[in-house]
Amino acid sequence: FRSAIQLLGSTRWIAQVAAEALSSCPLVQFVVRGVDERIQTWEAFNRLVAGELVMKVDPSWRKRAYLWKALDDPIARRVSAEALAKDSSTPVEDLLDWFLNDGDAWVRTAVIEALPSSCSLNALALMRIRELLATTPPNWLCFWCNKISPAGTTSCAHCHITGPDFLSSASKLLRTHTCGT
């Protein structure tokens, strides 16, 4: 069991296999505690995999997501944004307040992409998103190479992996969502 937790910090494909195995572990509290003890020692990709795992299995995932939204780690904020955006009890206005002006483009993109297509956006939310479309998205932490890519880029300046495309995601959201109440 402890070995499986340690494997979350291993190579990318091993981390993904370990997360899949741990997602069905009946000893959830041990999985959550094990991840909490090690997550800050892992590279960005491993933190992303482990963060998604604990949001999936932790019975207190909502409390965790609220705590993680305020952390310095953009991976934690990204996982928090994705989890809270999928939670129907989290008001869209709060999500936009918390994540839309984040200093990492992945976090901004994550909240936009995670919003369910069934959610309604009011006129103020639509206006805020339109305003951000006129600005350059901030820099972002590449989850593949663990380096910062410059503002306005959509592929990593270091490893060239595809990164966040906030402008495309926000434009798509605006095309598919209608003004709600």
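Higher on the page you've got the structure.
By convention here, each chain's residues receive numbers from 1 onward along its written sequence. With the structure being a predicted model, the display of local features is reserved for residues of pLDDT at least 70 and the display and counting of side-chain atom pairs for 80 or more, all residues being used for whole-chain, interface and lining totals. To get the side-chain values, all heavy atoms of the structure are used, and hydrogens and water are removed first.

Colleague: An account of the nonpolar core is requested, with residue identities and associated values reported.
Modeller: A general trend in soluble globular proteins is that nonpolar side chains are found buried together. Take the buried residues of types Ala, Val, Leu, Ile, Met, Phe, Trp, Tyr and Cys, join any two whose side-chain atoms come within 4.5 Å, and each joined set is a nonpolar core. Relative accessible area decides the class of each residue, using a 1.4 Å probe on protein chains only: under 20% of the type maximum gives buried, over 50% gives exposed, and in between gives partly exposed. Core analysis: the biggest nonpolar cluster contains 57 residues, and Leu-8, Val-35, Leu-53, Leu-115, Leu-121 and Ile-129 have the highest contact counts within it. A run of DSSP states H or I qualifies as a helix once it reaches four residues; a run of E qualifies as a strand once it reaches two. Both are numbered from the N-terminal end. The dominant element in this core, judged by the number of residues it contributes, is helix H4 (residues 44–57), at nine residues. The contact criterion used is simple: two residues touch if any of their non-hydrogen atoms lie within 4.5 Å. Residue contacts for Val-35: discarding those within four places in its chain leaves Ile-5, Leu-8, Ala-50, Leu-53 and Val-54.

Colleague: Help me get a handle on empty space enclosed by the protein, residues and values and all.
Modeller: The rule is simple: put a 1 Å grid over the protein atoms alone, call a set of points where a 1.4 Å probe fits but cannot get out a cavity, call an open set with protein on both sides within 12 Å along at least five of seven lines a pocket, and count a residue as lining if it has an atom within 4 Å of a point. Grid points are joined across faces, edges and corners, and a volume is the space filled by probe spheres set on the points. Applying the stated criterion across every chain yields a total of one cavity of 30 Å³ or more. The volume enclosed by the largest cavity comes to roughly 40 Å³. Around the largest cavity sit Ile-39, Gln-40, Arg-47, Gly-51, Trp-68, Asp-73, Ile-75, Ala-76 and Val-79, which together line it. Among the secondary structure elements, those contributing two or more residues to the lining of the largest cavity are H4 and helix H6 (74–85). Among the elements that make up the lining of the largest cavity, the one with the highest residue count is H6 (three residues). All residues other than Ala, Val, Leu, Ile, Met, Phe, Trp, Tyr, Cys, Pro, Asp, Glu, Lys and Arg, Gly among them, are scored as polar; the first ten of these are nonpolar and the last four charged. When its residues are assigned to classes, the lining of the largest cavity shows five nonpolar, two polar and two charged.

Colleague: Explain helix H5 (residues 61–68) residue by residue, including any values.
Modeller: Along H5, the residues that are buried comprise Arg-64, Ala-65 and Trp-68. Viewed end-on, H5 has its buried residues packed into an arc of 100 degrees, placing them on one side of the element. Away from its buried face by more than 90 degrees, H5 exposes Lys-63 and Leu-67. Each element contacted by the buried residues of H5 is listed here: helix H3 (28–38), H4 and H6. In this description, one arc is meant: the one made by directions from the helix axis to the C-beta atoms.

Colleague: Explain the layout of surface pockets residue by residue, including any values.
Modeller: Of the voids in this model, the largest pocket is the one considered here, and its volume is about 150 Å³. Taken together, Ile-112, Glu-113, Leu-115, Pro-116, Ser-117, Ser-169, Lys-172, Leu-173, Thr-176 and His-177 make up the full set of residues lining the largest pocket. For the lining of the largest pocket, the secondary structure elements donating two or more residues are helix H8 (105–114) and helix H10 (166–176). Residue composition of the lining of the largest pocket, by class: four nonpolar, four polar and two charged.

Colleague: Describe unusual backbone geometry, listing the residues and the values that go with them.
Modeller: A positive phi angle, close to 70 degrees, is found at Asn-146, a residue other than glycine. With respect to the helices, strands and loops of the structure, Asn-146 is situated in the loop between strand E1 (140–141) and strand E2 (148–149). Positive phi outside glycine occurs at His-160, with the angle close to 70 degrees. With respect to the helices, strands and loops of the structure, His-160 is situated in the loop between E2 and H10. Residue His-160 is classed as exposed on the basis of its relative accessible area of 59%.

Colleague: Tell me about the pattern of salt bridges, and please be specific about residues and values.
Modeller: For this analysis, a salt bridge means a side-chain nitrogen from Lys or Arg found within 4 Å of a carboxyl oxygen belonging to Asp or Glu. The tally for this structure, following the rule as stated, stands at eight salt bridges. As a salt-bridge pair, Arg-64 and Asp-58 come within 2.9 Å of each other at their nearest N and O atoms. When the shortest N-O distance is used, the salt bridge between Arg-62 and Asp-87 registers 2.8 Å. One end of the pair, Arg-62, is in helix H5; the other, Asp-87, is in the loop between H6 and helix H7 (92–99), with 25 residues separating them in the sequence. Taken together, the salt bridges that share partners define one network made up of Asp-36, Asp-58 and Arg-64.

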